[in-house]
Amino acid sequence: MHIDLKKEIKESSPGKIGIIILLVMITVSLLAPVLARYDPYQQSTASLLSPSWNHWLGTNHVGQDIWSRLVFGARTSLLVGFGVGILSMLLGTVFGVSAAMLGGLYEKVVMRIVDAFIVIPMVIIVILISAYIRPSILTLILLLSLLSWQGGARIMRAQALSLKERGHVAAARSFGAHHFYIAWRHIVPDLGPILLVEFIYGVRRAVFMEAGLAFLGITDPTVVSWGMMMRDALSFSYLNVWQWWLVPTGVALSLTIIGLTFVGHAAEPVIEPRLRGAEVA
Amino acid sequence: MLEIKDLRVSYGQDVVLNGIDLELGVGETLAIVGESGTGKTTLGLSIMRLVEGTVRGTIRFNGKDLLTLSDNAMQQIRWSQIAMVFQNANNVLNPIYTVLNQIMEPMIEHGLKSKKEAQDRAAELLGYFGLPQNRFTAYPHQLSGGEQQKVLLAMAMANDPELLILDEPLSSLDAAARAEVGNLIRETDKHCAKLLATHDLDTVSKLADRMAVLYGGKIIEAGPSQDVLSRPRHPYTRALIRAYPNMTTVKDLQGIKGQMARPVSGCPFHPRCTQAIDICRTEVPKLVWNQGRHIACHRGGIITLLSTKNLTKCFGSLKAIESVSLHIEAGETLSLVGQTGSGKTTLAKTIMGLHQPTEGDVYLEGAKVDSRGRDFYKRVQMVFQNPGESLSHRLSVLEAVMEPLDIQEIGTEDERKERAIQVLGEVELPRTNDFLSKYPHQLSGGEMQRLAIARALVLDPALLITDEPTAFLDASIQAKILKLLLNLQEQRGLSMLYITHDIAAARKVSDRIAIMLDGKIIEEGPSNEIITAPKQGYTRSLLRAASTLRSTKSTIDEGAL
């Protein structure tokens, strides 16, 4: 009856690899001030240097230390990723569960809004809006969250609808419990594993989006970001700097996304236990 | 002929009869019913003026107030116009006279007959009451209890009294003698009015036209005896009938909670009554005429706790329940019997507000239920069909039982815990810390069901709806759960709507049975009537198909419709 998320992830080797990658990334971003040897924003005249003892990955066109920027870039990436992951999961849960619990007109309205957002391609909207407002990190998190909770809401609603019919929910109602109590004590706890999977995919999407937007140059230019670093590096692709500027950044971004994908994939049987079929057979 | 008004008898401080009013017509038999110690004998002795205590009020016999008569005048009436058969035959008879002589004595004493006439009359009476000729000259100790009782009856009838007071006339007899003597009493002198003091309801139903139920020195219910016995309206009368072993009732025996206490303020029955309200504690209810019955109860007798009126629930085009009207009285069990899919659970859930009715209303204590808030759920609780499903797998035993209290925000955390543990004790579950922290999947089916019942009881509801509470249990555990429910009914006056497909189980626990088929109640009535005289073919087929231990080859053939 119980689905053990820890067990699901531990038992798949990609899951284990994913967890290790994520732990490394998180550690790096937390320890960024220690790992970085220079202020990532500090410009100098020593531009476009090759890697050396002083500058492990050399410097960029305005003389900033690339290693320091790479380390701080992880912070931005993960901050946006986890921020959006948490916020959109919350929004998705609140709207999905409340729609299931309250039903009626409210449910119809919420679900039609969800449908509308799902058909409109999110990337275009984000690019359009970002181009005008040049979002700071906080605004970016809000914007991405507002545009990405709908898929989760749909899944939460479907799950809540089925959980709502459980005997213990009927029992709680027969003690006089209100919707909020039932949602909080009886529905949301059982959504836990699904929330986690949704959360991980939410994070992955946000990391990807943030990098993409920064690459397009429509995020806050004063915040160091992997997307922006890749964009800068590309303009110097005729030099050999790509080896220590573009490649490490690309690898860091890819690893983060791969890590998230692995963990998410390993946890997926939680939503759909039939995915475990291969093991049984 | 006999009219008693406001009769009060006390022995010192001890008030035995506290304002008795009753009337008795010529040739009528009135039974005074009550447990031992309720003052039945005292009432009889008061009429005979043989009581030793202080007597107040009036007892009019043919217009004369017996209580104000001189001793001499009373002596004239006693044994000639009013006679009494005492309870303990062997104490009453004089051991040194033969029985024939003892019967002759009152006739001669009252100067009604000569010795010869008296002897003939005595022999005739003894013959009538079936004493063999060769026993006429026996001494009391040579006779059996039944024969002594017959002698007493003959003695009482010696002077053709107008009123015969019988104090437990049959209780010392075995069943065969009881039937014989009972018949004799009924047949003897139809003009003689009889006042029958007894605790034995069988005697009442066989002999009495009317009955009055005595409790704590007061009459609490009076009416035609068949009527009262089949439809008691006072909680005490019903409890008394439930406690009486007989061949009519199909429900298991149930006692009455607590013990008779005297004196009490207010209604004498209120400490044991399960529907007592504040006024019952302070004011004595008057015996009033209420729909064909005299009842002394502030609440007008047993109240109707919950009723439904034309309750209909449709799922799309499917009518799951259709125009269901039924009522559940306080402290009774109504069984809802029907096959799977007949709409039993839908009815229960609609009453609970888990489904919105398509049409019709639910009434709680006479008030229409519009929206169900915490107050409704404090009064009405439900035990769901599958305890494993209805208990959240995330809540421990203690948390599960406390949940209703948490939701209703009753008391402090500690009080809730205390209450939860107390209820677990009531359903006979362990109360160790180890058990309290167990989770449902660690419990057996029987334990889970008990836990579900405890959880429903923790709010102290007046009505418990149990939906197939034993469907997942084996017979021995089912028996325990059913016993538990009956005990709870006895202790708390819990009303129950017991939903089952098993009519054999229903008959053991229910006062009334309603048969449900295709969403409709097709038959409803007292359990014994449904079991012994079903009107509908479907009910008969349910009964034929019910569990039995006899070889049933033929019934199975019949039952295959």
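Residues numbered from 1 in each chain as written. Chains lettered and ligands numbered in written order. Predicted model: local features only at pLDDT ≥ 70, side-chain atom pairs only at ≥ 80, totals over all residues. Heavy atoms only, no water.

**Comments concerning the overall build of chain A**
Part 1 of the reasoning: Counting its secondary structure elements, chain A contains 13 helices and 0 strands.
Part 2 of the reasoning: If you list the helices and strands of chain A from N to C, you get α-α-α-α-α-α-α-α-α-α-α-α-α.
Part 3 of the reasoning: In terms of overall dimensions, chain A has C-alpha extents of about 75 × 45 × 30 Å along its principal axes.
Part 4 of the reasoning: Among the 281 residues that make up chain A, the fraction classed as buried is 48%.
Part 5 of the reasoning: Summarising the internal contacts of chain A: among those between residues at least 6 apart in sequence, 70% fall at separations of at least 24.
Part 6 of the reasoning: Of the roughly 13,900 Å² that chain A leaves accessible, carbon and sulfur atoms contribute 69%. (Helix = DSSP H or I, 4+ residues; strand = E, 2+ residues; numbered from the N terminus. Buried < 20%, exposed > 50% of the residue type's maximum accessible area, 1.4 Å probe, protein only. Contact = heavy atoms within 4.5 Å. Areas by Shrake-Rupley, 256 points an atom, 1.4 Å probe, with all protein chains shown as cover.)

**With respect to the overall build of chain B**
Part 1 of the reasoning: Secondary structure summary: chain B contains 23 helices and 22 strands in total.
Part 2 of the reasoning: For chain B, the spread of C-alpha atoms along the principal axes amounts to about 90 × 60 × 45 Å.
Part 3 of the reasoning: Expressed as a percentage of its 561 residues, the buried residues of chain B come to 53%.
Part 4 of the reasoning: For chain B, the share of sequence-separated contacts (at least 6 apart) that also reach a separation of at least 24 residues comes to 66%.
Part 5 of the reasoning: Just so you have it, chain B exposes about 24,600 Å², and 48% of that area is on carbon and sulfur atoms.

**A closer look at the pairing of strand 7 (residues 163-167) of chain B**
In summary, the side chains of a regular strand alternate between the two faces of the sheet.
Residue and element names in this part refer to chain B.
Part 1 of the reasoning: Counted residue by residue, strand 7 has 5 buried out of 5 residues, so it is predominantly covered.
Part 2 of the reasoning: Burial along strand 7 is two-sided: L163, I165 and D167 and L164 and L166, pointing in opposite directions, are all buried.
Part 3 of the reasoning: Note: strand 6 (residues 82-85) against strand 7, 4 bridges, orientation parallel. When the bridges of strand 7 are listed, I82 appears paired with L163.
Part 4 of the reasoning: Between the parallel pair strand 7 and strand 8 (residues 193-198), the chain is carried across by helix 7 (residues 175-187), and the sense of this crossover is right-handed. (Pairing = 2+ DSSP bridges. Right-handed = clockwise from strand over helix to strand, strands pointing away.)

**As for the pairing of strand 21 (residues 512-517) of chain B**
Residues and elements named next belong to chain B.
Part 1 of the reasoning: A large share of strand 21 lies buried, amounting to 5 of its 6 residues.
Part 2 of the reasoning: Where strand 15 (residues 333-337) lies against strand 21, 4 bridges are found, and the strand directions are parallel. By the bridge assignment, S335 is partnered in strand 21 with I513.
Part 3 of the reasoning: One ladder, built from 6 bridges, connects strand 21 with strand 22 (residues 520-526); its direction is antiparallel. Residue pairing in the sheet places L517 in a bridge with K520 of strand 22.
Part 4 of the reasoning: Counted between consecutive antiparallel strands, the loop separating strand 21 from strand 22 contains 2 residues, among which D518 sits at a positive phi close to 50 degrees.

**Things to note about helix 10 (residues 179-216) of chain A**
Residues and elements named next belong to chain A.
Part 1 of the reasoning: Compared with the 56 Å implied by 1.5 Å per residue over 38 residues, the 45 Å span of helix 10 between its first and last C-alpha is markedly short.
Part 2 of the reasoning: Considering bend angle alone, the principal kink of helix 10 is centred on G192 and spans about 55 degrees; proline P193 follows within four residues of it.
Part 3 of the reasoning: Two residues or fewer past helix 10, G217 is found with a positive phi of approximately 75 degrees. (Expected span 1.5 Å × (residues − 1). Bend = angle between axes of the 7 residues up to and from the residue.)

**Observations concerning the sheet that holds strand 5 (residues 64-65) of chain B**
Residue and element names in this part refer to chain B.
Part 1 of the reasoning: Ordered by their spatial adjacency, 4 strands build an open sheet running 2-1-4-5, and the pairing between neighbours is antiparallel. With partners counted over all chains shown, the strands left at the sheet margins are strand 2 (14-24) and strand 5, one partner each.
Part 2 of the reasoning: Of the strand pairs in this sheet, strand 4 (residues 54-61) and strand 5 are connected by 2 bridges, and their pairing is antiparallel. Following the sheet pairing, F61 is matched in strand 5 by K64.
Part 3 of the reasoning: Along the sheet face, helix 1 (residues 40-48) touches strand 1 (2-11), strand 2 and strand 4 and points at about 115 degrees away from the line of strand 1. (Axes fitted to C-alpha atoms, helices over the stretch in contact; angles between N-to-C directions.)

**Side note on the state of the cysteines**
All names here are of chain B.
Part 1 of the reasoning: If you walk through the whole model with that rule in mind, you get 0 disulfides over all chains.
Part 2 of the reasoning: The structure places no disulfide on C273, whose sulfur is separated from the nearest cysteine sulfur, that of C297, by 6.2 Å.
Part 3 of the reasoning: In this structure C297 is not part of a disulfide, and its nearest cysteine sulfur, from C280, lies 6.1 Å away.
Part 4 of the reasoning: Given the relative accessible area of 15%, C297 is considered buried. (Disulfide = S-S within 2.5 Å.)

**Examining the environment of I279 of chain B**
Residue and element names in this part refer to chain B.
Part 1 of the reasoning: With respect to the helices, strands and loops of the structure, I279 is situated in helix 11 (residues 278-282).
Part 2 of the reasoning: For I279, a relative accessible area of 32% puts it in the partly exposed group.
Part 3 of the reasoning: Sequence separation between I279 and L163 is 116 residues; the distance between their C-alpha atoms is 39 Å.

**Considerations on the confidence of the model for chain B**
Part 1 of the reasoning: Per-residue confidence for chain B averages 88 on the pLDDT scale, and 98% of its residues sit at or above 70.
Part 2 of the reasoning: Scoring of the predicted complex yields 0.79 for pTM and 0.72 for ipTM. (pLDDT = per-residue confidence, 0-100.)

**Details of a nonpolar patch on the surface**
Part 1 of the reasoning: Judged by side-chain polarity, V123, I124, L128, I129, Y132 and I133 of chain A come together as a nonpolar surface patch covering roughly 610 Å² of accessible area.
Part 2 of the reasoning: Mapped onto the elements of the fold, I129 of chain A is located in helix 6 (residues 122-133). (Patch = residues over 30% accessible without salt bridge, like charges linked within 9 Å, V, L, I, M, F, W, Y side chains within 5 Å. Salt bridge = Lys/Arg side-chain N within 4 Å of Asp/Glu carboxyl O.)

**Concerning unusual backbone geometry**
Part 1 of the reasoning: The residue R134 of chain A is not glycine, and still its phi comes out positive at about 45 degrees.
Part 2 of the reasoning: By secondary structure assignment, the location of R134 of chain A is in the loop between helix 6 and helix 7 (137-148).

**Digging into the nonpolar core**
Part 1 of the reasoning: In terms of nonpolar packing, the biggest core is built from 56 residues, with I103, L126, V151, L164, M211 and Y236 of chain B touching the most fellow members.
Part 2 of the reasoning: When residues no more than four places from it in sequence are discounted, the contact partners of L164 of chain B are A83, M84, V85, A156, M157, C192, A193, K194 and L195 of chain B.
Part 3 of the reasoning: V169 of chain A together with L336, L347 and L354 of chain B belong to the second largest nonpolar core, which has 49 residues in total. (Core = buried A, V, L, I, M, F, W, Y, C linked by side-chain atoms within 4.5 Å.)

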